[in-house]
Amino acid sequence: MAHHDFTMPVTEAQARALRVGDTVTLHGTLYGIRDRTQIEMFDRGRSTRFDLAGHAVIHTAPNVRRVERCARFPAGYEPVCVGTTTSARMERFTRPLMERCGVRFVIGKGGLQEQSHKAFADLGGAYLAIVGGAAALETTWIEAIEDVDLDDVNPESLWKFRVRGFGPLLVGMDAHGGDLFRDVAARAQARRDEVLASLGAAPR
Amino acid sequence: MRVDLQAVEEIAKALYIRAVKVLPADVKAGFERLSGTETQAGARGILATLVRNIEVAEATDNLTCQDTGIPIYNVTLGRGVQVDGVDLEAAIRRGCERATREHPLRSSVVHPITRVNQHSSCGIRVPVVHVSFSEAPEELAIEMVPKGSGSENNTFLRMAVPAEGIAAVKAFVIDSVLSAGGKTCPPTIVGVGIGGSADLCVHLAKVAATSRPLGSRCADTEGAKLEEELTAAVNRLGVGPQGLGGDSTAFAVHVELAATHITMNPVAVNMQCHAARRATARLTPAGIHYED
């Protein structure tokens, strides 16, 4: 299990080199997206002026404070608390994110499913798991909100963050069929009947 | 005691901000307990990150989790407390809105059909305000729960029938935890409602998940036995912190009961993620007291 430091964006080869259990730390640009952002982009045909090719997107909708634009707050937003939301709701958007926008990494919590798996394998990408609910810590890895697009759906805007030392993140799904979440869920499911029997609740 | 509505507004504002920043002492103790018993290295690492996050939140006066949740205010009116209910609800709503705009906090609340966000954490019937009553003399207690969506989205109700017995209840809890996996940000508090009507059953599950401190027990002996048994069982599944494996799937299973109909055997599960946030204040003639 290796550790990788990436200054974004990355190439397909770099994305394919990752294996589940590896850890990753990101530097430079990171894009924040959410349910509504992707509904606007992929169901309602809206486009973004950002070039996401080779980049990582994180499932987030941050707490922000509106401030005067200045060198420190170029988008007029100060990050207050930036955390990560449950990825599974946004499963169907992984492929369009990769196919149409060239995204390489999806960062989230709780894992993704089968369609995303196939997208990572077909197109060369990975799911990077963050520790969900650790937003105060995560916020210390954000240097600035550099820009924002689709801001009419705020807080579910498309956020452009500048990050330094964003991680370590755990490679939870890779381009080779590896999936830590699926493996844990399968082992837990296999224990179900034994656990139910211990409760005197075995299926009749 | 005649309730000062301006004080209620201030309390409603302060409690929302306090709840998202400072975890209750029993939850912090819960992390310590799990860190001591967890056998898997990866899971221990995740628990250490979560403990570090709580420290960073306190040191930087920041939110522990970005999800400001659906705001819920549980109001308990003691003996001899006089207040106009409509005014009370309006004061809470103003406090909730002010916390959102003045801190600021992310408004996570939208119209369910248009999905329009008013950026106030308020909307139709939100904040949720529950009113109950107590024997406490001259005391108005308000508990604020910012209920995160990752755990709320894993809420389940099953109208089982008497022929299925308590076995159906137990199996439903286990299957709900399996189905939630890592989506609900384990380690969780698994709230289980048993009995009542359908709506009461879900409400009891929510109370069990969000309002009961860790270490508390169900007031009913049978319920207390069941929650102990289910806590051990859930933690044998191996889901672990974040769904990445380990012994620490749940801090606890909490059970709350209500009498039910002869033909019914309802069970509901509502989960609380590890950011088990709640804050309480008591208003008495002596002033306002915020609980640790």
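From a predicted model like this one, the values you see are computed outputs, not experimental measurements.

(A) Broad picture of the environment of Tyr 77 of chain A. Residues and elements named next belong to chain A. Position of Tyr 77 relative to the elements: it lies in strand 5 (residues 77-81). For Tyr 77, a count of 22 C-beta atoms within 10 Å puts it in the buried group. For Tyr 77, the contacting residues outside a window of four places in its chain are Val 64, Arg 66, Val 67, Ile 145 and Val 148.

(B) Region of interest: the interface of chain A and chain B. The interface is formed by 42 residues belonging to chain A together with 43 residues belonging to chain B. Where the side of chain A that touches chain B is concerned, the elements lending two or more residues are strand 4 (63-66), strand 5, helix 5 (135-139), helix 6 (180-190) and helix 7 (192-198) of chain A. Take the side of chain A that touches chain B: its biggest share by element is 7 residues, from helix 6 of chain A. Its residues assigned to classes, the side of chain A that touches chain B comprises 22 nonpolar, 14 polar and 6 charged.

(C) View of the domain arrangement of chain B. All names here are of chain B. Along its sequence, chain B is organised into domain 1 (5-20 + 64-148 + 277-290) and domain 2 (150-272). It is strand 3 (residues 140-147) that provides the largest number of residues to the side of domain 1 that touches domain 2, a total of 3 residues. Counted by class, the side of domain 1 that touches domain 2 contains 2 nonpolar, 2 polar and 4 charged residues.

(D) Highlighting the environment of Ala 276 of chain B. Mapped onto the fold, Ala 276 of chain B is located in the loop between strand 7 (265-272) and strand 8 (279-284). Through-space distance from the C-alpha of Ala 276 of chain B to that of Gly 69 of chain B is 11 Å; in sequence the pair is 207 residues apart.

(E) Here's a closer look at the pairing of strand 9 (residues 287-290) of chain B. Residue and element names in this part refer to chain B. Sheet topology places strand 8 next to strand 9; 4 bridges connect them, and they run antiparallel. Its bridge partner lying in strand 9, Arg 282 is registered against His 289. As consecutive antiparallel partners, strand 8 and strand 9 are separated by 2 residues.

(F) Just the sheet that holds strand 2 (residues 128-137) of chain B, in detail. Residue and element names in this part refer to chain B. What the 5 strands build is an open sheet, ordered 2-1-3-8-9; its pairing is mixed. With one partner strand each, in any of the chains shown, strand 2 and strand 9 form the two edges of the open sheet. Neighbour-to-neighbour, the strand axes of the sheet open up by a mean angle of 20 degrees, direction not taken into account. In the sheet, strand 3 pairs with strand 8 via 5 bridges, with the strands oriented antiparallel. The partner of Leu 140 across the bridge, within strand 8, is Leu 283. Across the sheet, helix 1 (residues 5-21) touches strand 1 (70-79), strand 3, strand 8 and strand 9, and the angle it forms with strand 3 is around 40 degrees.

(G) Structural context of helix 6 (residues 165-180) of chain B. An ideal rise of 1.5 Å per residue puts 22 Å on 16 residues; helix 6 of chain B measures up with 24 Å between its terminal C-alpha atoms. Turning to helix 6 of chain B, its buried residues are Val 169, Lys 170, Ala 171, Phe 172, Val 173, Ile 174, Ser 176, Val 177 and Ala 180 of chain B. Those residues of helix 6 of chain B that are buried lie in contact with helix 7 of chain A together with strand 4 (155-160), strand 5 (188-195), helix 8 (221-234), strand 6 (250-258) and strand 7 of chain B. Looking one or two residues past helix 6 of chain B, Gly 181 of chain B carries a phi angle of roughly 50 degrees, positive in sign.

(H) How the structure looks around the sheet that holds strand 5 of chain B. Residues and elements named next belong to chain B. With mixed pairing, 4 strands are arranged side by side in an open sheet as 4-7-5-6. Each edge of the open sheet carries a strand with a single partner, namely strand 4 and strand 6. Shown here is a sheet whose adjacent strand axes are inclined to one another by a mean of 15 degrees, direction ignored. By the bridge criterion, 8 bridges tie strand 5 to strand 6 in an arrangement that is parallel. Bridge pairing in strand 6 links Gly 193 to Glu 256. Here helix 6 sits on the sheet in contact with strand 4, strand 5, strand 6 and strand 7, set at roughly 30 degrees to strand 7. The strands touched by helix 7 (residues 198-210) within the sheet are strand 4, strand 5, strand 6 and strand 7, with strand 5 carrying the most contacts at an inclination of about 150 degrees.

(I) The arrangement of the packing of helix 2 (residues 25-37) of chain B against helix 3 (residues 41-59) of chain B in detail. Residue and element names in this part refer to chain B. Running from N to C, helix 2 and helix 3 point in directions that differ by 155 degrees, and their axes come no closer than 10 Å. Between helix 2 and helix 3, the angle falls in the class roughly antiparallel. Considering how the two elements wind past one another, helix 2 and helix 3 form a crossing that is left-handed. Residues Lys 28, Phe 31, Leu 34 and Ser 35 of helix 2 pack against Arg 44, Leu 47, Leu 50, Val 51 and Ile 54 of helix 3. When the residues that make up the contact of helix 2 with helix 3 are grouped by side-chain class, the tally is 6 nonpolar, 1 polar and 2 charged.

Rules behind the numbers
- Residues numbered from 1 in each chain as written.
- Chains lettered and ligands numbered in written order.
- Predicted model: local features only at pLDDT ≥ 70, side-chain atom pairs only at ≥ 80, totals over all residues.
- Helix = DSSP H or I, 4+ residues; strand = E, 2+ residues; numbered from the N terminus.
- Buried ≥ 20, exposed ≤ 12 C-beta atoms within 10 Å, placed from the backbone.
- Contact = placed C-beta atoms within 7 Å.
- Nonpolar A, V, L, I, M, F, W, Y, C, P; charged D, E, K, R; others polar.
- Domains from an automatic or database assignment.
- Pairing = 2+ DSSP bridges.
- Axes fitted to C-alpha atoms, helices over the stretch in contact; angles between N-to-C directions.
- Expected span 1.5 Å × (residues − 1).
- Parallel < 35°, antiparallel > 145°, perpendicular 65-115°, else oblique.
- Left-handed = near helix turned anticlockwise from the far one by under 90°.

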